[in-house]
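Secondary and tertiary structure notes
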Number of protein chains: 2
Amino acid sequence: MRLSTRTRYGIRAMLELAENVGRGPLQLKIIARRQDISVKYLDQLMAILKSAGFVRSVRGSKGGYMLAKAPEQIKLSDVFNCLEGPVVTVECTENENYCARSADCVARQVWTQLQEAVTAVLQSITFKDLVDRTKNNKTVDYQI
Amino acid sequence: MRLSTRTRYGIRAMLELAENVGRGPLQLKIIARRQDISVKYLDQLMAILKSAGFVRSVRGSKGGYMLAKAPEQIKLSDVFNCLEGPVVTVECTENENYCARSADCVARQVWTQLQEAVTAVLQSITFKDLVDRTKNNKTVDYQI
DNA sequence: ATAATATACTACTAATGTCGTAGGAATAAT
DNA sequence: ATTATTCCTACGACATTAGTAGTATATTAT
């Protein structure tokens, strides 16, 4: 149940883009520097996110990346699923015929419960929500 | 977020033991046959479960394994944690100082939410609950 | 005693996935 | 042209998983 850096980095990169909406393309090296991620590695993650349709890119000088949709239209579950793969993958939860015991299997019921719990959290949060949370955090900083 | 077979097999083995409470030690090969797991692999899993104090063993002929505590006293979260490791491990959720951004990091907040959701499910279920569920399933079978 | 049965322990391995690094090609702005 | 950037492919070190194999040790049955 360990989260891969692929997922963690990818979501943090998406968050940078979400915070940059309306300001044109954001460059890889900027994201990488801010989030302390290897540029070359992030390069590959962005390719995944791009082919999944979450971001679009502008090539050449002054280029960079931006969100392909509005932050409120991108759920965390979408990006998570793209980078980390299906939540709590146990074959039998998705394929009834994978195992003869499926119908009665209480273990399978538990995995399904877990899956639903995680999915519920991730589906309830959009990147707009995260940007808003960040702003709140910043405000608190100023008050101190 | 894929569950290892170690965790899945281990929990299913524990469930066999839970269903066998009061009937003396249950042998590895029986568990392995019923659950369709390699005896030798299960051997190693039981060693983990034993050193964690969830099961105890009887060596020699007529030996086998049994639960070290009553089924209602063993939470799924305990066994899960033992086999799979900490739920949703991201260093920063457990160690505030792991990353300078920790305090304000919205990504970290999300990982914490996930962690709590999964933990809540696993902590709410004991092996007695699972045994009861199995009985209910069996009853349904008879009605059909 | 001896044989049979079971756990206990250690070592090994093949396959896979993760987390990058490296190098260059394509594209666009200056 | 030069510079800055994305795009693409290949490679590699490392860790983990999911076992297999063999032997030692303990207990019971004969």
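Scope of this entry: the structure provided in the associated data block.

Cut-off values and rules
- Residues numbered from 1 in each chain as written.
- Chains lettered and ligands numbered in written order.
- Predicted model: local features only at pLDDT ≥ 70, side-chain atom pairs only at ≥ 80, totals over all residues.
- Heavy atoms only, no water.
- Helix = DSSP H or I, 4+ residues; strand = E, 2+ residues; numbered from the N terminus.
- Contact = heavy atoms within 4.5 Å.
- Lys, Arg positive; Asp, Glu negative; His and termini not counted.
- Charge placed at Lys NZ, Arg CZ, Asp CG, Glu CD.
- Least-squares fit on C-alpha atoms with pLDDT ≥ 70 in both.
- Near = heavy atom within 4 Å.
- Polar contact = N/O pair within 3.5 Å; in protein donor to acceptor, adjacent residues only side chain to side chain.
- Nonpolar A, V, L, I, M, F, W, Y, C, P; charged D, E, K, R; others polar.
- Buried area = accessible area lost by both parts, 1.4 Å probe.
- Salt bridge = Lys/Arg side-chain N within 4 Å of Asp/Glu carboxyl O.
- Axes fitted to C-alpha atoms, helices over the stretch in contact; angles between N-to-C directions.
- Left-handed = near helix turned anticlockwise from the far one by under 90°.
- Buried < 20%, exposed > 50% of the residue type's maximum accessible area, 1.4 Å probe, protein only.

1. Side note on the overall build of chain A
Looking only at helices and strands, chain A has seven helices and two strands in total. Helices and strands in chain A line up, N terminus first, as α-α-α-β-β-α-α-α-α. By principal-axis analysis of the C-alpha atoms, chain A measures approximately 55 × 40 × 25 Å. Within chain A, contacts between residues separated by at least 24 positions form 61% of all contacts whose residues are at least 6 apart in sequence. Of the charged side chains in chain A, 21 are positive and 15 negative; the average position of the first set lies 10 Å away from that of the second.

2. As for the relation of the copies chain B and chain A
Take chain B, turn it by 180°, move it 0.0 Å along the axis, and it overlays chain A with an RMSD of 0.1 Å. As the rotation angle and translation indicate, the two copies are arranged about a two-fold axis. Considering only C-alpha atoms, the part of chain B nearest the rotation axis is B:M1, at 2.4 Å. Mapped onto chain A, 100% of the interface residues of chain B again fall at the interface, so both copies present the same surface.

3. Considerations on the protein's contact with DNA strand C
Near DNA strand C you find 27 residues, and of these A:K40, A:Q44, B:K50, B:S57 and B:Y65 are the closest. Within the contact set of DNA strand C, a base oxygen lies 2.3 Å away from a side-chain nitrogen or oxygen of A:K40. Measuring from a phosphate oxygen of DNA strand C, one finds a backbone N or O atom of B:L28 at 2.7 Å. Tallying contributions element by element places helix 3 (residues 39-51) of chain B first for the surface near DNA strand C, with four residues. When the residues that make up the surface near DNA strand C are grouped by side-chain class, the tally is five nonpolar, 12 polar and 10 charged.

4. Let's talk about the interface of chain B and chain A
Each partner contributes residues to the interface: chain B has 37 residues there, and chain A has 38 residues. Buried area between chain B and chain A, summed over both chains or domains, comes out near 3,500 Å², and the portion from carbon and sulfur atoms is 64%. In terms of surface lost to chain A, no three residues of chain B exceed B:M1, B:V106 and B:W111, which account for 21% of the buried area on that side. Where chain B packs against chain A, one counts zero salt bridges. If you look at where chain B meets chain A, you find 12 residue pairs in polar contact (both at pLDDT 80 or more). Breaking the side of chain B that touches chain A down by element, the ones donating at least two residues are helix 1 (5-19), helix 2 (28-35), helix 4 (76-84), helix 6 (106-123) and helix 7 (127-143) of chain B. When its residues are assigned to classes, the side of chain B that touches chain A shows 20 nonpolar, seven polar and 10 charged.

5. Digging into the protein's contact with DNA strand D
With respect to spatial proximity, 27 residues lie near DNA strand D, and among them A:K29, A:K50, A:S57, B:K40 and B:Q44 are the closest. By atom count, sugar and phosphate contribute 67% of the portion of DNA strand D lying within 4 Å of the protein. In the model, a phosphate oxygen of DNA strand D is placed 2.5 Å from a nitrogen or oxygen of the A:K50 side chain. B:K40 is positioned such that a nitrogen or oxygen atom in its side chain is 2.3 Å from a base oxygen of DNA strand D. Elements with a contribution of two residues or more to the surface near DNA strand D: helix 2 (28-35), helix 3 (39-51), strand 1 (55-58) and strand 2 (64-67) of chain A together with helix 1 and helix 3 of chain B. Ranked by residues supplied to the surface near DNA strand D, first place goes to helix 3 of chain A with four residues. Taken together, the residues that form the surface near DNA strand D break down as five nonpolar, 12 polar and 10 charged.

6. Some remarks on the packing of helix 2 of chain A against helix 3 of chain A
Residues and elements named next belong to chain A. Remark: helix 2 packs on helix 3, axes separated minimally by 9 Å, with the N-to-C direction vectors making an angle of 115°. Between helix 2 and helix 3 the crossing geometry is right-handed. Across the interface between the two elements, L28, K29, I31 and A32 of helix 2 pack against V39, L42, D43 and M46 of helix 3. The class makeup of the residues in the contact of helix 2 with helix 3 is six nonpolar, no polar and two charged.

7. Some words on the pattern of salt bridges
Residue and element names in this part refer to chain A. Using the criterion set out here, one finds six salt bridges over all chains in the structure. The shortest N-O distance in the salt bridge between E96 and R108 comes to 3.3 Å. Here R108 lies in helix 6 (residues 106-123) and E96 lies in the loop between helix 5 (91-94) and helix 6, a separation of 12 residues in the sequence. Judged by relative accessible area, which is 14%, R108 ranks as buried.

Don't take any of this as a statement about function, it's just geometry.
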